[in-house]
Amino acid sequence: MENYSIYVPKLITKKENFAPGHRACIGCGEALAVRLAFKAIGQNVIVINATGCVEIFTSQLPYTSWRVPWIHTLFENTAAVASGIEAARKAMIRKGVIKDTNTKIVAIAGDGGTIDIGLQALSGAMERGHDFLYICFDNEAYMNTGIQRSSATPFGASTTTSPAGKSSFGQFAWKKDMPAIAVAHNIPYVATACPSYPFDLMEKVKKGLEVKGPAYIQVLSVCPTGWGCAADLSIKVGRLAVKTGIFPLYEVENGKYKMSIDFPGLRPITEYMSLQKRFRHLKPKMLEQIQQKVIEKYEELKEKAAACEYNCQTVLED
Amino acid sequence: MGKSENELTWKELEVGGIVTEPGNASQYKTGDWRSQRPTYDFNKCLKCGICQIYCPEGCVNQNNQGYFEADLYYCKGCGICSRECPTFVITMKEEE
């Protein structure tokens, strides 16, 4: 089945839970990611949406793009509201006020709302083990307020609060490894996804919904406006992020790492970075430093995945 | 709601700014943001639907003959469909 990807799109549901007419920028990878995720999730859901790009462009006052129950929360309390709704529904079902319709709770937020501001609420919700799915749409900066750096901004990227110039080379810290933080909470399901691999993304969202307990999915959403790439390249840039190993796709089920897509050789990061304005100022020496770090991280991840596979095999053989 | 954004007054809004009609953003025309429009050469089309899956607007639908075509009421002209099409059916033309 080498032409798998050519025949499969037809099998995906045509039903949209996310109406067109939203005001996302031209070529927005986040709008695509939301659309695909909600194709997989379906209608039986309550959505908790933190402030951020998604909230802004889908709900300009007299209009809404959502065809599912939706609530807007602040940056910092998305996971808290999600856990409140989940606990309240549980109590009401127990008291017989409402029927158990197996409604899913899905919290969505951007990288600022997840990795910076909402982290402690999320950490609490994961620790208490509420049954919900948290999707972080990671576009690597605060895009809706004008491209300020967040802790998910990659090293060297130029943003308005970490501008490249004579005395600064852009973002000075490495990207926070949020999936690893989620894994450290011992939750049943953690995954990374990218809308450039739509079937993989939808599969992971479905898996995360079915899991009992908290699930966390981080979705890389290409932002042509903030990253400074052409609007029609947004799928290609996402694909290159995966192929260069900058954003590897993997899932962690009950602490067991598994690579979703594994490449025999990684592409050089310059292929990914040369398409974007935010990395244009980087000197070859710095690129080399980043390349080394990327390979190091990727190898580390592969080792974890290999170790888990080895353990599984030995258990089976015993 | 039925009314366009310009005709609405504050008196017609629900208490708390609640929107009572799900998905009513589909009334809003985003097609006039476009500077390029997709044009199609259906002789080469496989009807694979890749343009539909990658469209951030969700505005690509099948027409009567089963070909996938963008709804120009919503299409913002990003050019993703043209870039991702495996048989190069779609070319972007400058909007007049």
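For the structure itself, consult the block above.
Residues numbered from 1 in each chain as written. Chains lettered and ligands numbered in written order. Predicted model: local features only at pLDDT ≥ 70, side-chain atom pairs only at ≥ 80, totals over all residues. Heavy atoms only, no water.

### Side note on the overall build of chain A
The helix and strand inventory of chain A stands at 12 helices and eight strands. In summary, chain A has a C-alpha radius of gyration of 20 Å against a globular reference of 20 Å for 318 residues, a match within 12%. Along the first, second and third principal axes, the C-alpha set of chain A runs to 65 × 60 × 40 Å. Taken across its 318 residues, chain A has 55% of its residues classed as buried. Of the accessible surface of chain A, which amounts to about 14000 Å², a share of 56% is contributed by carbon and sulfur atoms. For chain A, the distance from the average site of its 37 positive side-chain charges to the average site of its 30 negative ones is 7 Å. (Helix = DSSP H or I, 4+ residues; strand = E, 2+ residues; numbered from the N terminus. Rg over C-alpha atoms; globule rule 2.2 N^0.38 Å. Buried < 20%, exposed > 50% of the residue type's maximum accessible area, 1.4 Å probe, protein only. Areas by Shrake-Rupley, 256 points an atom, 1.4 Å probe, with all protein chains shown as cover. Lys, Arg positive; Asp, Glu negative; His and termini not counted. Charge placed at Lys NZ, Arg CZ, Asp CG, Glu CD.)

### A look at the interface of chain B and chain A
Facing the 41 residues of chain B at the interface are 38 residues of chain A. A buried area of about 3400 Å², summed over both sides, lies between chain B and chain A, and 61% of it is on carbon and sulfur atoms. Ranking the residues of chain B by area buried against chain A places B:I53, B:Y54 and B:P56 at the top, with a combined share of 19%. Here chain B is connected to chain A by two salt bridges. Two residues, A:D232 and B:R83, come together in a salt bridge whose shortest N-O distance is 3.1 Å. The set of elements that each furnish at least two residues to the side of chain B that touches chain A consists of α1 (50–54) and α2 (80–84) of chain B. No other element matches α1(B), which puts four residues into the side of chain B that touches chain A. (Contact = heavy atoms within 4.5 Å. Buried area = accessible area lost by both parts, 1.4 Å probe. Salt bridge = Lys/Arg side-chain N within 4 Å of Asp/Glu carboxyl O.)

### Description of the packing of helix α2 (residues 29–41) of chain A against helix α8 (residues 198–210) of chain A
Residue and element names in this part refer to chain A. Following both chains from N to C, one finds α2 and α8 inclined at 50°, their axes separated by 9 Å at the closest point. On the basis of their axis angle, the class for α2 and α8 is oblique. As for how α2 packs across α8, the hand of that crossing is right-handed. Together, A33, L36, A37, K39, A40 and I41 of α2 and P198, L201, M202, V205, K206 and L209 of α8 make up the contact between the two elements. Here the contact of α2 with α8 is built from residues that sort into 10 nonpolar, no polar and two charged. (Axes fitted to C-alpha atoms, helices over the stretch in contact; angles between N-to-C directions. Parallel < 35°, antiparallel > 145°, perpendicular 65-115°, else oblique. Left-handed = near helix turned anticlockwise from the far one by under 90°. Nonpolar A, V, L, I, M, F, W, Y, C, P; charged D, E, K, R; others polar.)

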